[in-house]
There are 4 protein chains.
Amino acid sequence: MEKMRAILKEKPGRGALLVEIPIPTELAPREVLVKVKRASICGSDLHIYQWNEWARERIKPPQVMGHEFTGEVVAVGSDVQLVEIGDVVVAETHIPCMKCYQCRTGKMHVCKDMKILGVDTDGAFADYIKVPESVLWKVDPSIPAEFASVMEPLGNAIHTATVAKLTGKSVLITGIGPIGAMAVAVTKAAGSAPVIAAEIKPYRIEMARRIGADYVINPLEEDLVERVLEITNGNGVDVFLEMSGNPSALHQGIEATTNGGTVSVLGVYNGKVELDINTIVFKALTVYGITGREMFKTWHVATQMLKYKQVDLSAVVTHVLDMEEWEKGMELMERGVCGKVVLKIND
Amino acid sequence: MEKMRAILKEKPGRGALLVEIPIPTELAPREVLVKVKRASICGSDLHIYQWNEWARERIKPPQVMGHEFTGEVVAVGSDVQLVEIGDVVVAETHIPCMKCYQCRTGKMHVCKDMKILGVDTDGAFADYIKVPESVLWKVDPSIPAEFASVMEPLGNAIHTATVAKLTGKSVLITGIGPIGAMAVAVTKAAGSAPVIAAEIKPYRIEMARRIGADYVINPLEEDLVERVLEITNGNGVDVFLEMSGNPSALHQGIEATTNGGTVSVLGVYNGKVELDINTIVFKALTVYGITGREMFKTWHVATQMLKYKQVDLSAVVTHVLDMEEWEKGMELMERGVCGKVVLKIND
Amino acid sequence: MEKMRAILKEKPGRGALLVEIPIPTELAPREVLVKVKRASICGSDLHIYQWNEWARERIKPPQVMGHEFTGEVVAVGSDVQLVEIGDVVVAETHIPCMKCYQCRTGKMHVCKDMKILGVDTDGAFADYIKVPESVLWKVDPSIPAEFASVMEPLGNAIHTATVAKLTGKSVLITGIGPIGAMAVAVTKAAGSAPVIAAEIKPYRIEMARRIGADYVINPLEEDLVERVLEITNGNGVDVFLEMSGNPSALHQGIEATTNGGTVSVLGVYNGKVELDINTIVFKALTVYGITGREMFKTWHVATQMLKYKQVDLSAVVTHVLDMEEWEKGMELMERGVCGKVVLKIND
Amino acid sequence: MEKMRAILKEKPGRGALLVEIPIPTELAPREVLVKVKRASICGSDLHIYQWNEWARERIKPPQVMGHEFTGEVVAVGSDVQLVEIGDVVVAETHIPCMKCYQCRTGKMHVCKDMKILGVDTDGAFADYIKVPESVLWKVDPSIPAEFASVMEPLGNAIHTATVAKLTGKSVLITGIGPIGAMAVAVTKAAGSAPVIAAEIKPYRIEMARRIGADYVINPLEEDLVERVLEITNGNGVDVFLEMSGNPSALHQGIEATTNGGTVSVLGVYNGKVELDINTIVFKALTVYGITGREMFKTWHVATQMLKYKQVDLSAVVTHVLDMEEWEKGMELMERGVCGKVVLKIND
């Protein structure tokens, strides 16, 4: 049985190991084997590495880590119809059941019985990954592999932003991690005017500037609401994207949104949040809870924007490391001194 | 100076008085004098009568009460363009400034500098009321005056419900006061299937049945979420309308809404509410805060639905009293043994 | 090899035959065998029977006719996931490729490489039909089989109507064949006010009345545009559904639609149509070309509306015949003295 | 009575005159006097100058020409509320009645009783213009006057483009006159990918390139449909904007649009057009007729895009002439060797 390299969450507790394990060979009728080219590290990968509370409840080691990747189809199951050997692909992390009410009415991304790649199944930090054909999307070969590798979080940014009308609209984005930074790029590319970013960490403030935000506000140094009102002639923003998971950002953003505006929430919060629902009611705000990416509308949009260089992710993909340097990637993320870290798995 | 009857909030404290005061005669260029035919009592009128905390902060006696009404135009200011003497009209309660960003871009109902009829100005529990032309809507004379009088709260129900797609969709409505009952009528008329009502007060449970709900659930006697899932084959409802202002109804309704569904909130809450934002995010719910009625899209819809009998409000307009019996109306509302109470002001 | 009854288009030319042929037994991995319970006759079945120009170009005899049906799953291929033996099902006529841009981005109903059931494959006027699982939709057993059988054309009516906002909106429907009549039922159920039907054939005029149109206009006897303007206070209708395939109905309907209104076209025209595009531009109309049904959003809506009796198709399903009487069904349709004709294939 | 310069269509027949006429002084209660700073020449101004068929039917000389302009408020009527003396403004050309169904339900741009500035009233090629306050929009003073002057046609481009989702979508624009060129700028700014322009005139082909189209196709030299399919991997474009008024462009564009795509038509056609409605039906296209600009949503978007330099109109505003050189402007337009020509009326 042939072997491959894999970054394995071997057992409970902090850490993981780069090991050799067998290449998956048995493919169900609709399964596909992909040779991984690039894979990028998500915040949830770091949580699995750190073994935080969420990971302890959700992950059953041993398991290969990773879910953001691009690669090439090298084998297909007996009944595969969507891809062929040789196709360059990226993959949706959400594995829909295809049977439930949501899946059968065009809302696979909110499947009631969803599995998560690299959480419920072996992941992409390996030479090969086995996935159901339903999650694969063929990617234009002109897109640099480093950018293709991060199309999954880019899709989050696109989905969060594009539920609102963006062109000629003022936008506030709170939380400029990699996805927040991508949201800056997406809203700028979508014609938003102005795009205001709010962030407190110096590295990310700098990243917000480099990716093109019209204004970057540090809420620890300035009054966020006051500053946004000042920029928008007292109106507040049309569109507020909350990507920090910080209740205070949510509160302030809602206050800084204009009457009739929209609020997209991608952030995940640590427990319940005290919310002034009356403000949402009296301002007639629309609040969108955002999960994943629309399959595969969002992926198509991401493909086109990358292909025609409407977004340039150079300022977000700050590090491309060899697979062997993966722990350095984890460390960069822990220290908060990086944007997106991409691992070179194969050429 | 000619006199008219008016129900006046004379001074702070519980109560009000039916008195004679001068008919307003001086009309600004865009103002209109309407002879009131029917006026109905809103929950906020009761609050002013009871002099609750909100009223104490907001109302400056002496002031004529009332804001839901229908009547006839009897005089117009020098520059009035929208109505003529003799027109039968109803009126929007929200007086938009017409100048702000919202007003100039088609969102007058969320005007940033809004005044409220009967709260910031003299109201409609009087033989005559003076209003700016901008709030008037001509009503089809075929609509019974009792129903025309309650088109303002009917508009709330329509606005709350129709932000979502309703036809063939399952709907849960929590809080079957008069507006909730109207929302049952509106969603049934819009083809929702099924329409599930949740209410705890016996009088209102009965009203929910009479107005046509497919199911009426008393959350004190049954598990609301469980029952809704049972009715919807485990999916939950597509559309949830929260009209009770009760945090527990909001929580349970969110739990009972299907992934990708919508939540419309018209209720007003007593302070902040602890909310599980993560559920909204992971279920990808869309939450609409609802204020007022779209000017005048909602009014046009209300007019057509009443004119062609798509909604029948007989089960909601439970009492039509003479103006002199107004205190009996307040008492019925305090005891919770009525739907909508309409006052006959003039024939 | 077991035999079954089938209405077969045996060869080119007028006619068809009720014959015995083998039951399909070999199922591809994703194919399903359904025992047909009820099947209804579509206009295109009549065209195949009559062997009109379209049929001559499109149909390759011998072929089993029919595509509107309901039945029970009796066998499944090795990789079927969506249905199980015993499920009561209805079927989408459009067989999507599942691979193209449209299919992968939630628009299977406009698949670029679509096959049609009963046109490109053997159809449903038989004891058994073999279909890909992708077209099947489980139907609530409480829905009468006669109504389940016509859910495909009902879906056309729903799709055509619900692309527009309907509640409280005025609607004109031209062409009250079975789908037009269903559109009357759907728009009435969706709260449209008023619903105006236009039709010239006496049988259909009567059907329009029975199904509940507020007004029925015969354009040969009255000026359609003038009458619609009169009914709508000079505004014209908000929503126009053209279901006749008659260019003159299209022209008049466009003229009778209010500025900013919508036009849904389901009709198929005999060649090109001279159109006054400038009217569409200056009136700022939105014209929707309608094909099929959204998979399976429309089917879900149809299911709920039938289950909760929001639409009653009794006035449209005018004949239920035994399978052996199928030629009588064709004859009724040729004479234009029926709504929908349903064949009882099996109990 | 004080005099001002004005370019006057004095009498029927080709030509116009730069003359001195009295400054309008009598203002109705809601009228405003604006001192014109810049005004730009529209195609319809050229038609009035040339006295073509449309002009002969529509224009009643003597009348001041021009309707695209920016200026400063210098006097206001007794009941004006929206602007103040000193405000820098631009103006909507469509003067809505404010009373009809459309005007009262948020669709003023398709008013049933609309008047046109510079067509039904004296225009803007003059030192001063008198307009109703309802058409004025305050413009950010940071926007160069030359660009503010052309916000009306820019609004056409924005309105035509933004009825569709644009971000990450492929777009075809036929007809690259000034509005078509602006549509290229708008769709590029909105993140469309790719933006394909089709044009046959050399000057305009060059303008399409300069403004940033990804591809420019000359349908006289290449097969438009074939080329678009090639660029879009055989799919066709998601969004087609027809701005040429050429039936052949409309036909080819429809053919080049993907199933389920959208078609926005701003072009005006010379008489009726033979259209293959069946293609629109079977491809399930949505066709938007576009008139004017949404009041004032579109103007707000235009303001923001100009203020934050999301669109740069330098490649479209090709000539800025002194008012006295106005005939040179007409001549440039007749020869087709210009983009937008702006007249400097006052500093």
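Reading the values: the criteria
Residues numbered from 1 in each chain as written. Chains lettered and ligands numbered in written order. Predicted model: local features only at pLDDT ≥ 70, side-chain atom pairs only at ≥ 80, totals over all residues. Heavy atoms only, no water. Patch = residues over 30% accessible without salt bridge, like charges linked within 9 Å, V, L, I, M, F, W, Y side chains within 5 Å. Areas by Shrake-Rupley, 256 points an atom, 1.4 Å probe, with all protein chains shown as cover. Salt bridge = Lys/Arg side-chain N within 4 Å of Asp/Glu carboxyl O. Lys, Arg positive; Asp, Glu negative; His and termini not counted. Charge placed at Lys NZ, Arg CZ, Asp CG, Glu CD. Helix = DSSP H or I, 4+ residues; strand = E, 2+ residues; numbered from the N terminus. Phe/Tyr/Trp six-rings, centres within 6.5 Å; stacked < 30°, edge-to-face > 60°. Lys NZ or Arg CZ within 6 Å of the ring centre and 35° of its normal. Contact = heavy atoms within 4.5 Å. Buried area = accessible area lost by both parts, 1.4 Å probe. Polar contact = N/O pair within 3.5 Å; in protein donor to acceptor, adjacent residues only side chain to side chain. Nonpolar A, V, L, I, M, F, W, Y, C, P; charged D, E, K, R; others polar. Pairing = 2+ DSSP bridges. Domains from an automatic or database assignment. Buried < 20%, exposed > 50% of the residue type's maximum accessible area, 1.4 Å probe, protein only. Right-handed = clockwise from strand over helix to strand, strands pointing away. Least-squares fit on C-alpha atoms with pLDDT ≥ 70 in both.

Trainee: Explanation requested: a positive patch on the surface in the structure shown.
Mentor: Taken together, Lys107(A), Lys297(A), Lys165(B), Lys107(C), Lys297(C) and Lys165(D) make up a surface patch of like positive charges. The residue Lys165(B) is located in the loop between helix H5 (151–162) and strand S11 (171–174) in this model.

Trainee: Would you mind going over the packing of aromatic side chains with me for this structure?
Mentor: Note on aromatic pairs: each is described by the distance of the centres and the angle between the planes. Following the criterion strictly, the structure yields 16 aromatic pairs over all chains and no others. On the basis of an interplanar angle of 50° and a centroid distance of 6.3 Å, the ring pair of Phe296(C) and Trp299(C) is categorised as tilted. Counting every residue linked through ring pairs, the aromatic cluster contains Trp137(A), Phe296(A) and Trp299(A). Arg104(B) extends its terminal NZ or CZ atom over the ring of Phe296(D), reaching a point 4.4 Å from the ring centre.

Trainee: Would you mind showing me how to read the interface of chain B and chain A here?
Mentor: Size of an interface: often given as the accessible area lost when the parts come together. Listed by partner, the interface residues are 38 residues for chain B and 38 residues for chain A. In total, chain B and chain A occlude about 3200 Å² of area from one another, counting both sides; carbon and sulfur atoms represent 52% of this. Viewed at the interface, chain A and chain B are joined by zero salt bridges. Run the count over chain B and chain A and you get 23 residue pairs in polar contact (both at pLDDT 80 or more). Going through the elements one at a time, helix H3 (101–104), strand S15 (257–265), strand S16 (273–275), helix H10 (277–282) and strand S17 (286–289) of chain B are the ones with two or more residues in the side of chain B that touches chain A. No other element matches H10(B), which puts five residues into the side of chain B that touches chain A. Across the side of chain B that touches chain A, the residue classes tally to 19 nonpolar, 12 polar and seven charged. Pairing analysis gives three bridges linking strand S17 (residues 286–289) of chain A to S17(B), with the strands arranged antiparallel. Looking at the pairing, Val287(A) lines up with Val287(B) of S17(B).

Trainee: Could you clarify how one ought to interpret the domain arrangement of chain A in this entry?
Mentor: Residue and element names in this part refer to chain A. Here chain A is described as being made up of domain 1 (3–150 + 316–344) and domain 2 (156–289). On a C-alpha basis, the centres of domain 1 and domain 2 stand 29 Å from each other. With 10 residues of domain 1 at the interface, the matching set in domain 2 holds eight residues. There are zero residue pairs in polar contact (both at pLDDT 80 or more) connecting domain 1 and domain 2. The residue makeup of the side of domain 1 that touches domain 2, split by class, is four nonpolar, five polar and one charged.

Trainee: Is there a simple way to think about the interface of chain B and chain D in this case?
Mentor: Every contact between the two is made by 18 residues of chain B and, on the other side, 18 residues of chain D. Taken together, both faces of the contact between chain B and chain D bury some 1800 Å²; the carbon and sulfur share is 50%. Area buried by chain B at its contact with chain D is led by Arg30(B), Gln81(B) and Arg104(B), which between them contribute 38% of it. Where chain B packs against chain D, one counts four salt bridges. The partner of Asp79(B) in a salt bridge is Arg30(D), with the nearest N and O atoms 2.7 Å apart. The interface formed by chain B and chain D includes 12 residue pairs in polar contact (both at pLDDT 80 or more).

Trainee: It is not clear to me how the pairing of strand S15 (residues 257–265) of chain D should be interpreted in this structure. Could you clarify?
Mentor: The side chains of a regular strand alternate, first on one face of the sheet and then on the other. All names here are of chain D. For S15, the buried fraction is high: nine of the nine residues fall into the buried class. Where strand S14 (residues 237–242) meets S15, five bridges bridge the pair, whose relative direction is parallel. Looking across to S15, one finds that Val-237 is bridged to Thr-257. In this region the chain leaves S14, passes through helix H9 (residues 247–255) and returns to the parallel neighbour S15; the handedness of that crossover is right-handed. Where S15 lies against strand S17 (residues 286–289), four bridges are found, and the strand directions are parallel.

Trainee: How do you make sense of the relation of the copies chain B and chain D when you look at a structure like this?
Mentor: One copy of the chain maps onto the second through a rotation about an axis and a displacement along it. With an RMSD of 0.0 Å, chain B superimposes on chain D once it is rotated by 180° and translated 0.0 Å along the axis. The symmetry that links the two subunits is that of a two-fold axis. Every residue of chain B has its C-alpha some distance from the rotation axis, and the shortest such distance is that of Gly106(B), at 2.8 Å. Taken as a fraction of all interface residues of chain B, those also at the interface in chain D reach 100%, which identifies the copy contact as same-surface.

Trainee: Please explain the sheet that holds strand S4 (residues 63–64) of chain D as it appears in this structure.
Mentor: Strand pairing within a sheet occurs via backbone hydrogen bonds; the two strands may be parallel or antiparallel. All names here are of chain D. The strand order S2-S1-S4 describes an open sheet built from three strands, whose pairing is antiparallel. Looking along the sheet, the strands with just one partner apiece sit at the ends: strand S2 (17–22) and S4. With six bridges connecting them, strand S1 (residues 3–9) and S2 associate as antiparallel partners. Pairing of Met-4 across the sheet is with Ile-21, part of S2.

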